[in-house]
Each structure stands twice: as C-alpha cells, then as structure tokens.
Amino acid sequence: MDTLFNNLDIFVDGFRMTFVLFFFAAIFALILGTIVGAMRVSPVTPMRAVGTVYVNLVRNTPLTLLMFFFAFGYPKLGLPDVGYTTLAIIALSLYTATYVAETLRSGINTVPVGQAEAARAIGLPFGQTMSLVILPQAFRATVPPMMSVFIALLKNTTIAAGFSVAEAGTIRQVLSERGEPQLTVLLWVALIFILAVGVLSLLQRYLENKWRVAR
Amino acid sequence: MAPTDETNPSASTGSTPISRYETTSNPIVAGRGEPLVVVENVEKHYGDFHALKNINLTVNKGEVVVVIGPSGSGKSTLCRTINRLETISSGEIRIDGTKLPSEGKKLAALRADVGMVFQSFNLFAHKTILENVTLGPMKVRRQKKADAEKAAKVLLERVGIEQQSAKLPAQLSGGQQQRVAIARALAMKPKVMLFDEPTSALDPEMITEVLDVMTQLAAEGMTMIVVTHEMGFARKAADRVVFMADGEIVEDTTPEEFFDHPKSTRAKDFLSKLLTH
C-alpha cells in the first residue's frame, strides 16, 4: 500500500498519459478502421486493393517497429515536430486500425446480403448503404471482438514507454530510482490495468445489451 | 392561404394554391402504353452456366407483367438484372429511356425509381417499421423527417400496418413484413415495381394479404413486373404472362391465352404439373 500512496503522483501521471494515449488512439483507430473496413468490401477494386495492402502491411509489422519508425524515422522526414506523444498516438492508431478494420469486416459478413440489396434497391449509394444499414448492424455483431481489440490497445500503450512517453509502463523505472521494490510496483501497475480493462468489459456488456438486434 | 381552404378544400376553386392537390392526372397512369422497361438481347453467364439467353422484353407504362416458370429458369435473375442487383454479360436494359448505368451515383439514382420487393422481405433489421419506410425518402429524396413520416403513415395504413409502426421487423409476421416492404418501395414513388417471388417465403394464410395489396396496386395503374408461382394472381391481375424456361422466354402472351391455350410443349408440361397437384 505504501508503495502506491507514497508515489501517488507518479502513478497518477503515468496512468493519465496511458489513458490519453488510449483515448485518442481508440478514437482515431475506430474512425480509420471503419473507413478501411468499408474499403475492403467496396465494389471498387482500387479501394479494395488499398485497404488490403494497408491492413497486411501495418498489421504484419510489430508495433515496436512501427513505434521505432515514428520515434526515429519521422523526425528525419523534415516534417513539423509534433512531439513523441502525438507520434505514439499516430503509431498506435495506425496499428490498431488494422485490427478494427478486420474485426468490422467479419461483422459485415454476418449481416445478411439481402440487407445491402434492399438498401441499394431504394437508391442508397455505397457509402450510405454502409453507414446507415450495414455498419450499424455489423457493429452490434462485433462488440465482443472489438472490445478485445481495445483491451489490447490499452495494454499496447505501454510500448510507448520505450520512446520517451512517460506513461504507466515507465512507472517501474522511475520508482526504482526512488528505491521502491520493483516487483511491488509492477503488481500495482498490473492491478490498475486489470481494473481499467474491467471498466472496458462493463462497457462491452452494456453495449451488447443496448444493441441486441432481433432477427 | 385562407383558413377556410384548410378546413374545406373542396370550396376552393380555380387558381387558389389548393388546386395543386386536385391534379387528376395520376403520374403513374399518365403516358400509359409507352415503353418503360426495355430489355434487349440480354445474356447472362455464371461461369459455364448460361442463365439468361437472348432475353427481349418490353414492359409498357401501367402494365402488369407476371413472369412464371420452373425453378432455375432464370426468372428471378431477369428480375434482378432490371435494377442491376445482377449484372448482365451483354445486351442492354433501359428504364424510361435511360440505359442502366454501371455503378455509382447514377445507378443509385436510377434504382430509386425502381421499387423492389424481395422474397425474404429484407427489411432493415435494426430500424423500426416507420424508419424502414422513411429512410429512402429522407436520405435519397431529401424529404424532411415530418413529411416523410406523414407519407409513410399513409402508406402503412394503405397496407394495413399502421398500428405496428414503432415495432422492429422481427416482431412482425412474414406477411406483415412483406407488406411493409411494399410500402417501403412505394415510398420512393417508383416508376416501376419489381416483385421477386414476394410470397414464396410466406405461410399460405399470409399469401392472400400480400397478394391483395399487390392486386390493389395493379388496379391503381402501377407498372409491375412480378416473378411468382401464384397462378391465381397471374390470371387475375396480369396484363401479360411471360413464361421462362432454361434461361429463355418461351411464351409472352395474355393470361387467358397462356393458361387456356399454351403453345409450347414446355409450357403445356409446366401447366399440367401444376394442375395435377
């Protein structure tokens, strides 16, 4: 207990950064992933190709390498300096978006094809067929796997610690300098993560109940 | 507008604004007899399978054409090519003089003018009955929500579902769902309605309620292409019967001619099988 309460400032700062990374990366990943997921089922071949290449390229790259690229490669491109936190958010978003896209695509496949045909038959173009008819139904089917993606994202934020972003993953390092027992610190960090994931699980249960669709 | 006009529209005469509600010429019936759907030399292949063979069909405004034939004869495929839910290998399809565009906004705009009713209803499962009917008018026709809902309620009343408008599709019986599907298609004010085996997924007692709505629609002058196994409907409501077998149109004639004096052996064979059961 003392380990936690004597260093509350470090814990609070660390987890605050973790949640900032998670929050922004989750939003961007959801938006980008939805677009890429829709591209992968698009009737237009070039769109499908771009979506497929993106998913396969980024998803097959280890997140650490992706972080490396943004932490060390990006500054060499001569683009405006946006800071490591933003770069970490970009890397996490791009990486997680591929999983969101694939999860969503599996959800899209659970929506009967007649739903899309009916939407097209009343004159909705592809974009509105997706956004008004297919995706709302696909999202419902993907709540459990989608939450797994976001739980993974929450934990993946700790990789940013390796790139000068002071989030929860750096707490142990800082506290070991203060002379705290490292194992105890790690157990506290783990416990807080478990609690945070628990909140996500509650959100999942809530959404599953709210969006239950009758067929 | 004077308040009296609102309460007693019949009292208004001549050039008052109310006169636009009194137009007698129904746009559906106007121009009756002109070609609306033209299918020319259409071929369709699924790999090695030749699904449609040199199909030529003209449906005029106000006409009710019933397409019948054995399973696998290509009648559903033909119906689905008319709003390009099914692509064609060669040939041409024109709706009201416009060639079917290949993809994109133009195709979507043309589909809005072609109502379609499916065998499996395909109501939007996550939307209420009312939302199912208003979605197209609001998103495609850009109607205001209030206007779309008002029109939808009139249509739902017409097909006898006005009490259920807040329910989800799964809470309705098959026959009710299919009548909603008809209302949803009508809400777009289509030039032509396609029915792809609308009663094939229904229990016998529900078939009648759907056919009643369709018969009424036919009587009102809607142009209809109906793929069905309901011979009673074909006899009663059709202007023409198109008989298909093995991807070809074998006969294209009046219901009386077709049922009483079929010319081809293929049609005679088909009809004899119907009558013996």
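Residues numbered from 1 in each chain as written. Chains lettered and ligands numbered in written order. Predicted model: local features only at pLDDT ≥ 70, side-chain atom pairs only at ≥ 80, totals over all residues. Heavy atoms only, no water.

Student: I tried to follow the packing of aromatic side chains on my own but got confused; where do I start?
Tutor: Two aromatic rings, taken as a pair, are described by how far apart their centres are and by the angle between their planes. Residue and element names in this part refer to chain A. As enumerated under the stated definition, the model contains 9 aromatic pairs over all chains in all. Consider the rings of Phe23 and Phe24, whose centres lie 5.5 Å apart with planes at 80 degrees: the pair is edge-to-face. The class of Phe24 is partly exposed, set by a relative accessible area of 37%. A ring pair is formed by Phe68 and Phe72, whose centres lie 5.4 Å apart and whose planes are at 40 degrees; its orientation type is tilted. Residue Phe68 and its partner Phe72 are located together in helix H4 (residues 63-73), separated by 4 residues, close to a single helical turn. (Phe/Tyr/Trp six-rings, centres within 6.5 Å; stacked < 30°, edge-to-face > 60°. Buried < 20%, exposed > 50% of the residue type's maximum accessible area, 1.4 Å probe, protein only. Helix = DSSP H or I, 4+ residues; strand = E, 2+ residues; numbered from the N terminus.)

Student: What am I meant to see in the layout of surface pockets here?
Tutor: Empty space among the atoms becomes apparent when a probe as large as a water molecule is rolled across them. Of the pockets and cavities examined, the second largest pocket occupies roughly 540 Å³. The wall of the second largest pocket is formed by 23 residues, among which Val41, Pro43, Arg120, Phe126 and Thr129 of chain A lie closest to the centre. For the lining of the second largest pocket, the secondary-structure elements that each account for two or more residues are helix H6 (113-121) and helix H7 (126-141) of chain A together with helix H3 (104-112) of chain B. Here the lining of the second largest pocket is composed, by residue class, of 15 nonpolar, 4 polar and 4 charged. (1 Å grid on protein atoms, 1.4 Å probe; cavity = no way out; pocket = protein on both sides within 12 Å on 5 of 7 lines; lining within 4 Å. Points joined across faces, edges and corners; volume = space filled by probe spheres on them. Nonpolar A, V, L, I, M, F, W, Y, C, P; charged D, E, K, R; others polar.)

Student: Got a minute to help me understand the sheet that holds strand E6 (residues 114-117) of chain B in this structure?
Tutor: Residue and element names in this part refer to chain B. Read across the open sheet, the 6 strands follow the order E6-E7-E8-E3-E9-E10; overall the sheet is mixed. Edge strands, defined here as strands with exactly one partner in the open sheet, are E6 and strand E10 (248-253). The average undirected angle you get between the axes of adjacent strands in this sheet is 15 degrees. Here strand E7 (residues 192-196) pairs with strand E8 (residues 223-227) via 5 bridges, running parallel. Following the sheet pairing, Met193 is matched in E8 by Met224. Across the sheet, helix H7 (residues 204-219) is in contact with strand E3 (64-68), E7 and E8; its angle to E8 comes to roughly 145 degrees. (Pairing = 2+ DSSP bridges. Axes fitted to C-alpha atoms, helices over the stretch in contact; angles between N-to-C directions. Contact = heavy atoms within 4.5 Å.)

Student: Honestly, H6 of chain A in this entry has me stumped. Any pointers?
Tutor: Residues three or four positions apart in an α-helix share a direction because the helix packs 3.6 residues into each turn. Among the 9 residues of H6 of chain A, 7 are classified as buried, and the element is accordingly described as predominantly covered. Where H6 of chain A is concerned, the buried positions are Gly114, Gln115, Ala116, Glu117, Ala118, Ala119 and Ala121 of chain A. Residues of H6 of chain A that are buried sit in contact with H7 of chain A together with helix H2 (75-81), H3, E6 and helix H6 (174-186) of chain B. One or two residues past the end of H6 of chain A sits Gly123 of chain A, with phi positive at roughly 95 degrees.

Student: Before we go on, may I ask you to explain the side chain of Arg179 of chain B in this structure?
Tutor: Tracing the sequence through the fold places Arg179 of chain B in helix H6. In contact with Arg179 of chain B, other than residues within four places in its own chain, are Val159, Gly160, Ile161, Glu209, Val210 and Val213 of chain B.

Student: Even after reading the chapter, I still don't get the UniProt feature "transmembrane region" (unreviewed entry) in chain A, so can you show me in this structure?
Tutor: All names here are of chain A. Per the UniProt annotation, the sites labelled "transmembrane region" (unreviewed entry) are residues 20-41, 53-72, 84-101 and 185-203. The span residues 53-72 is 85% helix and 0% strand, and its two end C-alpha atoms sit 24 Å from each other. Within residues 84-101, the helical portion is 100% and the strand portion 0%, while the C-alpha atoms at the span's ends are 25 Å from each other. (UniProt positions renumbered as here; feature names shortened; annotations may be inferred.)

Student: I keep staring at empty space enclosed by the protein and nothing clicks. Help me out?
Tutor: Evaluation of the coordinates by the stated rule reveals 3 cavities of 30 Å³ or more. Of the pockets and cavities examined, the largest cavity occupies roughly 70 Å³. For the largest cavity, the full set of lining residues is Ala118, Ala121 and Ile122 of chain A together with Arg111, Ala112, Val114, Gly115, Met116, Phe118, Arg184, Ala185 and Met188 of chain B. Sorting elements by how many residues they give to the lining of the largest cavity places E6 of chain B first, with 3 residues. Its residues assigned to classes, the lining of the largest cavity shows 9 nonpolar, 1 polar and 2 charged.

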